[in-house]
Amino acid sequence: MACSKDDLQDNFTEYPDSALRGHYLDSEDGLSLEDCKGKCQANKLCLTFDFKASGGLCRLHNVTAHESPSEWAPKRSKGWTHYQRSCNSTLASHDTWYNLLCHSKVDCPHPHSDCLSGRCLCRLDFEFNEAEKECRETKLSKWHNGRCSTDDDCNRPHAVCYQQLCRCEAGYYYTTHDTCTSTCSTDELQKNFTEYPDSALRGHYLDSWNGLSLEACKGRCQAHKLCLTFDFKADGGLCRLHNVTAHERPSHWYPKTSKGWTHYQKSCNSTFATHDTWYNLLCHSEVDCPDPNSDCLSGRCLCHSGLKFNETEKECRAPMSCKAGRQ
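Residues numbered from 1 in each chain as written. Predicted model: local features only at pLDDT ≥ 70, side-chain atom pairs only at ≥ 80, totals over all residues. Heavy atoms only, no water.

Novice: Can you help me understand helix α1 (residues 33–42) in this one?
Specialist: Side chains that are three or four residues apart share a direction in an α-helix, a result of its 3.6 residues per turn. Residues of α1 that are buried include every one of Cys 36, Lys 37 and Cys 40, and no others. An end-on view of α1 places all buried positions within 100° of arc, on one side of the element. In this structure, α1 carries Glu 34 and Ala 42 as exposed residues pointing more than 90 degrees from its buried face. Against β1 (8–16), β4 (48–52), β5 (57–61) and β7 (80–87) lie the buried residues of α1. (Buried < 20%, exposed > 50% of the residue type's maximum accessible area, 1.4 Å probe, protein only. Helix = DSSP H or I, 4+ residues; strand = E, 2+ residues; numbered from the N terminus. Arc of directions from axis to C-beta. Contact = heavy atoms within 4.5 Å.)

Novice: Can you help me understand the environment of Tyr 174 in this one?
Specialist: Along the chain, Tyr 174 falls in strand β14 (residues 173–174). Relative accessible area serves as the criterion here: at 18%, Tyr 174 is assigned to the buried category. Linking Tyr 174 and Cys 227, residues 53 residues apart in sequence, is a C-alpha distance of 16 Å. Leave out the neighbours within four places in its chain, and Tyr 174 touches Trp 143, His 144, Cys 168, Thr 179, Thr 194, Ser 267 and Cys 268.

Novice: How should I be thinking about the pattern of salt bridges in this particular structure?
Specialist: Opposite charge on two side chains makes pairing possible when the charged atoms of those side chains draw close. Per the counting criterion, the structure on display carries nine salt bridges. The partner of Glu 34 in a salt bridge is Lys 37, with the nearest N and O atoms 3.9 Å apart. Highlighted residues: Glu 34 and Lys 37, both in helix α1, separated by three residues, approximately one helical turn. Residue classification places Glu 34 among the exposed positions, given a relative accessible area of 54%. (Salt bridge = Lys/Arg side-chain N within 4 Å of Asp/Glu carboxyl O.)

Okay, here's the thing in structure tokens:
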């Protein structure tokens, strides 16, 4: 759907009884078809032209029917034929991909690229860095801890407006890549926390103390490898460690109704999915997950339901049945 000027060819696709109305780059009468075609070929801005044999009417355009659909009159412009240039372009590859042809996002290897209008381009909020040959974020996100009135103000998957501040949805880990994910390996857990005032998890206590300061309670969770969240109440120094999150135990989660308690959840120092290494790593959407049978589920690249990740081939495959193994 897009073609650079350098990729334009001198041959055309024709559409009988069709024409573009307006957007004339040039107009001339009394020409032959070959003369009209030659004028378009000689003009670098010419993308399409219309020709009518009766009178030798020639109309050059610098737009296509796709770019100007309201001016496009297909199969009802009797006597006119619409001609559009072909494109001599290259299909994207792993090493050379930017602005080259693609069938789907799978053809675009960079994690922040997508197949847009038939070309591999950088996604919204990213721009192509020519030196590094990669898409880089155009601006740093400031959504986390930002002021908000509604969830829409936070504008991130699994982000919510929690007491007028943008937070990851309770039970989702805030990551070093400014995303929210429902899973985090023990090795990736960070020592900083997201807090949820007037909220607490009931039960699932890993450990419990009274008479502690907030810093002492936080330190005990940081020191315990199984501790994912903790609740603290200043009155009495009540400290409760948990090995589960609100996302994992929603029936035991009491948000904004546990007066005096504050719920704390560890953050996650995780890695973002790439074309070569992607399984169970961070993602914004399915675009970040390169395997055609994978998707971005709860902020992680995972295989579709019913498929399993093959560690050797690094791809999603249907599990082999016992019957198939005996054949």
